[in-house]
Amino acid sequence: MGIQYWKQDGIPVAELTGPEKRIVDAPSALELAMTARHEAGASALLVDKAAVAEDFFILSKGLAGEILQKYVNYGGRIAIYQYRIKMAVYGDFSCYTSKPLRDFIYESNHGSDFFFVPEREEALRLLLRTAGRE
């Protein structure tokens, strides 16, 4: 489990892969974002769903909202960093039947900061497409 960094089309990307749960609460998510910023200048995070705690997908627990709010608001206010954090999570979301979660995924996928899609390639494409918009 680790973070891989590279540039694609001149855009720094950080990818979190592997079976270990690395995004388990708001502090761990913020630490990931700031590590990606510090080590590679990346504001685009590509995340394997396996690395995200299941509590994230239970909206009543508030974890998803807290993390996304920190990435959009707090991440952009750190003095040395001027851009919001964008994240695309890829994996199988068909196992979730919660209407609020499905609505949340739908709305996220129609925005420009967070995406939840089945395939890694689609997640990367969406990140790259929106990377220049702030």
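Structure shown above.
Residues numbered from 1 in each chain as written. Predicted model: local features only at pLDDT ≥ 70, side-chain atom pairs only at ≥ 80, totals over all residues. Heavy atoms only, no water.

(A) Molecular detail of helix α4 (residues 120-130). The set of residues buried in α4 consists of Ala 123, Leu 124, Leu 126, Leu 127, Leu 128 and Thr 130. The inward-facing, buried residues of α4 abut β1 (2-8), β2 (11-17), β3 (44-48), β4 (86-90) and β5 (114-117). (Buried < 20%, exposed > 50% of the residue type's maximum accessible area, 1.4 Å probe, protein only. Helix = DSSP H or I, 4+ residues; strand = E, 2+ residues; numbered from the N terminus. Contact = heavy atoms within 4.5 Å.)

(B) Summary view of helix α1 (residues 26-40). Across its 15 residues, α1 extends 21 Å between first and last C-alpha, which sits within 8% of the 21 Å expected from 1.5 Å per residue. Taken residue by residue, α1 has Ala 26, Ser 28, Ala 29, Leu 30, Leu 32, Ala 33, Met 34, Ala 36 and Arg 37 as its buried positions. (Expected span 1.5 Å × (residues − 1).)

(C) Here's a closer look at the sheet that holds β5. Pairing is mixed across the open sheet formed by five strands, whose spatial order is β1-β2-β3-β4-β5. Unpaired on one side and paired on the other, β1 and β5 mark the two borders of the sheet. Looking at each pair of strands side by side, their axes are set apart by 20° on average, direction ignored. Of the strands in this sheet, β1, β2 and β3 are in contact with α1, which crosses β1 at around 50°. (Pairing = 2+ DSSP bridges. Axes fitted to C-alpha atoms, helices over the stretch in contact; angles between N-to-C directions.)

(D) Structural detail: the pairing of β1. Inspection of the sheet shows β1 paired to β2 by seven bridges, in the antiparallel sense. The partner of Ile 3 across the bridge, within β2, is Leu 16. What sits between β1 and β2 in their antiparallel hairpin is a turn of two residues, with Asp 9 showing a positive phi close to 55°.

(E) Fine view of the pattern of salt bridges. For the structure on display, the rule yields six salt bridges. Among the salt bridges present, the one from Glu 15 reaches Arg 120, with a minimum N-O distance of 2.8 Å. Of the two residues, Glu 15 sits in strand β2 while Arg 120 sits in helix α4, which places them 105 residues apart along the sequence. By relative accessible area, Glu 15 is classed as buried at 3%. Since its relative accessible area comes to 27%, Arg 120 is described here as partly exposed. (Salt bridge = Lys/Arg side-chain N within 4 Å of Asp/Glu carboxyl O.)

(F) Spotlight on the nonpolar core. Core analysis: the biggest nonpolar cluster contains 31 residues, and Ile 23, Leu 45, Val 47, Phe 56, Ile 67, Tyr 71 and Met 87 have the highest contact counts within it. Sorting the residues of this core by element identifies β2, α1, β3, α2 (63-74), β4, α3 (99-109) and β5 as the ones contributing at least two each. It is α1 that contributes the most residues to this core, seven residues altogether. With residues up to four places along the chain from it excluded, the contact list for Leu 45 reads Ala 14, Leu 32, Ala 33, Ala 36, Tyr 71, Ile 85, Lys 86, Met 87, Ala 88 and Leu 127. Ile 11, Ala 88, Phe 115 and Ala 131 belong to the second largest nonpolar core, which has 14 residues in total. (Core = buried A, V, L, I, M, F, W, Y, C linked by side-chain atoms within 4.5 Å.)

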